[in-house]
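# Report on the structure
Here's the letter readout for the chains.
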Amino acid sequence: RSSSSVGRRSRPPRMAPGSPAQPFSFPSHFHWAPFFTLQPVAATRARQLGLWCELVTAYCAASRLFVLDLDEPPEALFANTELPRRMSRDAQEAVLDALAGQGGGEWLEKPRKLLVTWRSAEDWADALEEVVRDNALQGAVLTLEELSSGSEVAGTEVEGLPA
């Protein structure tokens, strides 16, 4: 890698309409071409998949992306146009399988669609409880749809949470 590429960061477009735009800084290994090809040595591949799992989780959290669909993946996540390198579909599936295997996601439609759990269920429950408390909704009957897209949740961290 040339010295001119050191420290460069790509910035993806925002994934969730209406969410605050927060720039995402990709880690330095995102600018290393072999990162986009599954490595043949088991120990190296395990480390590579671990780094990809961390990257996918951080990207989804920053982008407020709850479901990762490999039929329509975020363009900036599995490709680096500066190199130019793109991860194959098989490699993307391996990354999501590793993420699900370590508890970072749940398959909705294997091997295509993964619910990325960048926060624990307990953390989301606490956030929902805070919205209910802040809006004096204790005892009210609310649907999951209302709890993720109603006027009470506008601008909160639970806005857009899949029902």
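The structure reproduced in this document is the subject of the present report.

About the cut-offs
Residues numbered from 1 in each chain as written. Predicted model: local features only at pLDDT ≥ 70, side-chain atom pairs only at ≥ 80, totals over all residues. Heavy atoms only, no water. Core = buried A, V, L, I, M, F, W, Y, C linked by side-chain atoms within 4.5 Å. Buried < 20%, exposed > 50% of the residue type's maximum accessible area, 1.4 Å probe, protein only. Helix = DSSP H or I, 4+ residues; strand = E, 2+ residues; numbered from the N terminus. Contact = heavy atoms within 4.5 Å. Pairing = 2+ DSSP bridges. Axes fitted to C-alpha atoms, helices over the stretch in contact; angles between N-to-C directions. Parallel < 35°, antiparallel > 145°, perpendicular 65-115°, else oblique. Nonpolar A, V, L, I, M, F, W, Y, C, P; charged D, E, K, R; others polar.

What follows deals with the nonpolar core. One finds Trp52, Leu55, Val56, Leu68 and Phe78 to be the most contacted residues of the largest nonpolar core, which totals 40 residues. Contributing elements (two or more residues each) for this core: helix H1 (42-63), helix H2 (89-101), strand S5 (113-116) and helix H3 (121-134). By residue number, the principal contributor to this core is H1, which donates nine residues. For leucine 55, the contacting residues outside a window of four places in its chain are Phe24, Phe26, Pro27, Phe30, Phe35 and Leu77.

Here we come to the sheet that holds strand S4 (residues 105-109). Spatial strand order, S1-S5-S4: three strands in an open sheet with antiparallel pairing. Single-partner strands in this sheet number two, and they are strand S1 (67-69) and S4. Strand after strand, the sheet turns through a mean of 25 degrees between neighbouring axes, direction not considered. Taken together, the three bridges between S1 and S5 define a ladder with antiparallel strand orientation. Paired with aspartate 69 across the two strands is lysine 113, which belongs to S5. Taken strand by strand, H2 contacts S1, S4 and S5, and its axis lies near 125 degrees from that of S4.

Further remarks concern the packing of H1 against H2. Running from amino to carboxyl end, H1 crosses H2 at an angle of 80 degrees, the nearest separation of the two axes being 9 Å. Comparing their axes, H2 and H1 come out roughly perpendicular. Contacts between H1 and H2 involve Leu49, Trp52, Cys53, Val56 and Thr57 from the former and Ala94, Val95, Ala98 and Leu99 from the latter. Considered class by class, the residues forming the contact of H1 with H2 number eight nonpolar, one polar and no charged.

Note that the residue after leucine 83, namely proline 84, is joined by a cis bond; omega there is -20 degrees. For proline 84, the position within the fold is in the loop between strand S2 (79-80) and strand S3 (85-86). Phi is positive for arginine 64, which is not a glycine, with a value near 55 degrees. Among the structural elements, arginine 64 can be located in the loop between H1 and S1. Exposure remark for arginine 64: the relative accessible area of 16% places this residue in the buried category. Look at alanine 136: it is not a glycine, yet its phi comes out positive at around 50 degrees.

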